[in-house]
Amino acid sequence: MRKAITLALTFFVIVTCLPVVALAQESNGQFANNPCAIDMDQFWDGAKITKKTNDSITFENTDVLGSRSENGRTYTDNVSTTLSVVATNDIGRKEVAALSTSNANKYMEKSDSTYTIRIYTRIYYTITTSNGHKYLDLTKVTGGISGGGSGSSLGNGISITKNSCVANQKGSNIDGGISKHTTTFSAPYSQRSWEFSLPSSWVAVEDLPTNVANAVYTVKLKRTNSNRSVTLSNSATSS
């Protein structure tokens, strides 16, 4: 599954958590300041490198949660995850280089959050197969930020000035009509994790290049007199 990921900064780390490791205290309307917990061994087993530069490396993973058949249709529940690491300095660049080697697990365990900020998101969605066509229906989005400091302060003079996510489900749908669903979720700057569920009234859209089923998470970060914006787009479409 292809997911478009935009990294609009040069000195931060972006992490999308594993679906198999739950963030502590996640619930609708509730937030937690717990860091993003990742079972690195399990992540590496299914992760693939999708992008690499001198300052960053990006991994992607998709997990099937289960499937069922009803009334001639097949429903498959999925969760899409991403892990991107961006260097903050020379130490961070060494970590990025190590992540592409067989020693990645061992090196990552020794990494220091002083040099990394982690911004993560995951999308839960159902694929409905009907009459040879596939339709996508977002059900839940989770995400947040982890790193040094506390609240909106991430340490090293870095602070959060925007923390919001937009979910979209647009295009030709399973009922033969056109879906134009969108919703925006904004979290307090001081909160490190969040989640929101999508309305059951949303109608699944067909898996086509012209349709949209995604979540776009935007975080703005300020460091002294400079500002950086991070946009992470996580898409359920296969093309």
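Cut-off values and rules
- Residues numbered from 1 in each chain as written.
- Predicted model: local features only at pLDDT ≥ 70, side-chain atom pairs only at ≥ 80, totals over all residues.
- Heavy atoms only, no water.
- Helix = DSSP H or I, 4+ residues; strand = E, 2+ residues; numbered from the N terminus.
- Buried < 20%, exposed > 50% of the residue type's maximum accessible area, 1.4 Å probe, protein only.
- Contact = heavy atoms within 4.5 Å.
- Areas by Shrake-Rupley, 256 points an atom, 1.4 Å probe, with all protein chains shown as cover.
- Polar contact = N/O pair within 3.5 Å; in protein donor to acceptor, adjacent residues only side chain to side chain.
- Pairing = 2+ DSSP bridges.
- pLDDT = per-residue confidence, 0-100.
- Phe/Tyr/Trp six-rings, centres within 6.5 Å; stacked < 30°, edge-to-face > 60°.
- Lys NZ or Arg CZ within 6 Å of the ring centre and 35° of its normal.
- Core = buried A, V, L, I, M, F, W, Y, C linked by side-chain atoms within 4.5 Å.

**Student:** I'd love a proper account of the overall build of the protein chain, names of residues and values included.
**Tutor:** The helix and strand inventory of the protein chain stands at 3 helices and 13 strands. Relative to its 239 residues, the protein chain shows a buried fraction of 47%. Sequence separation of at least 24 residues holds for 67% of the intrachain contacts in the protein chain that already meet a minimum separation of 6. Of the roughly 11,100 Å² that the protein chain leaves accessible, carbon and sulfur atoms contribute 45%.

**Student:** How would you sum up the side chain of Thr 121? Please name residues and give values.
**Tutor:** Relative to the elements of secondary structure, Thr 121 occurs in strand 5 (residues 118-130). Residue Thr 121 is classed as buried on the basis of its relative accessible area, which comes to 1%. Within the structure, the side chain of Thr 121 is placed 3.0 Å from the backbone oxygen of Thr 142, a separation counted as a polar contact.

**Student:** Account for the pairing of strand 12 (residues 212-223), with residues named and values stated.
**Tutor:** The two faces of the sheet receive side chains in turn, since in a regular strand these alternate between them. Pairing of strand 8 (residues 158-172) with strand 12, which is carried by 12 bridges, proceeds in the antiparallel orientation. Counterpart to Ala 167 in the pairing with strand 12 is Ala 215. With 10 bridges connecting them, strand 12 and strand 13 (residues 226-235) associate as antiparallel partners. Bridge pairing in strand 13 places Lys 220 opposite Ser 229. Where strand 12 hands over to strand 13, the hairpin turn is made up of 2 residues, of which Thr 224 adopts a positive phi near 55°.

**Student:** Requested: an account of the confidence of the model for the protein chain, with residues and values cited.
**Tutor:** Per-chain confidence: the protein chain averages 77 in pLDDT, with 71% of residues scoring 70 or above. Here strand 1 (residues 14-15) is the element of the protein chain with the lowest mean pLDDT, 44, and strand 11 (residues 205-206) is the one with the highest, 98. Note that residues 1-38 has pLDDT below 50 and, in this model, 159 contacts with residues that lie over four places away or in other chains.

**Student:** Give a detailed account of the packing of aromatic side chains, specifying residues and quantitative values.
**Tutor:** By the definition in use, this model includes 4 aromatic pairs. Taking the centre distance of 5.0 Å and the plane angle of 15° together, the rings of Phe 185 and Phe 196 count as stacked. With Phe 185 in strand 9 (residues 178-186) and Phe 196 in strand 10 (residues 193-197), this pair connects stretches of sequence that are 11 residues apart. When sorted by exposure, Phe 185 lands in the same class as Phe 196, which is buried. Centre to centre, the rings of Trp 194 and Phe 196 are 5.8 Å apart; their planes meet at 25°, and the pair counts as stacked. Assessed through its relative accessible area of 2%, Trp 194 is described here as buried. An aromatic cluster of three or more residues is present, and its members are Phe 185, Trp 194, Phe 196 and Tyr 217. Over the aromatic face of Tyr 124 sits the side chain of Lys 140, whose NZ or CZ is 4.7 Å from the ring centroid.

**Student:** Give me the nonpolar core: which residues, what numbers.
**Tutor:** Among soluble globular proteins, nonpolar side chains are generally buried collectively. Core analysis: the largest hydrophobic core is formed by 28 residues, its most contacted members being Ile 119, Val 141, Ile 145, Trp 194, Phe 196 and Leu 221. The set of elements that each furnish at least two residues to this core consists of strand 5, strand 6 (133-146), strand 8, strand 10 and strand 12. No other element matches strand 12, which puts 5 residues into this core. Beyond its immediate chain neighbours, meaning those up to four positions away, Ile 145 contacts Ile 117, Arg 118, Ile 119, Tyr 120, Leu 154, Ile 160, Asn 163, Arg 192, Tyr 217 and Val 219. Formed by 5 residues, the second largest nonpolar core is a distinct cluster that contains Ala 47, Ile 57, Val 96 and Leu 99.

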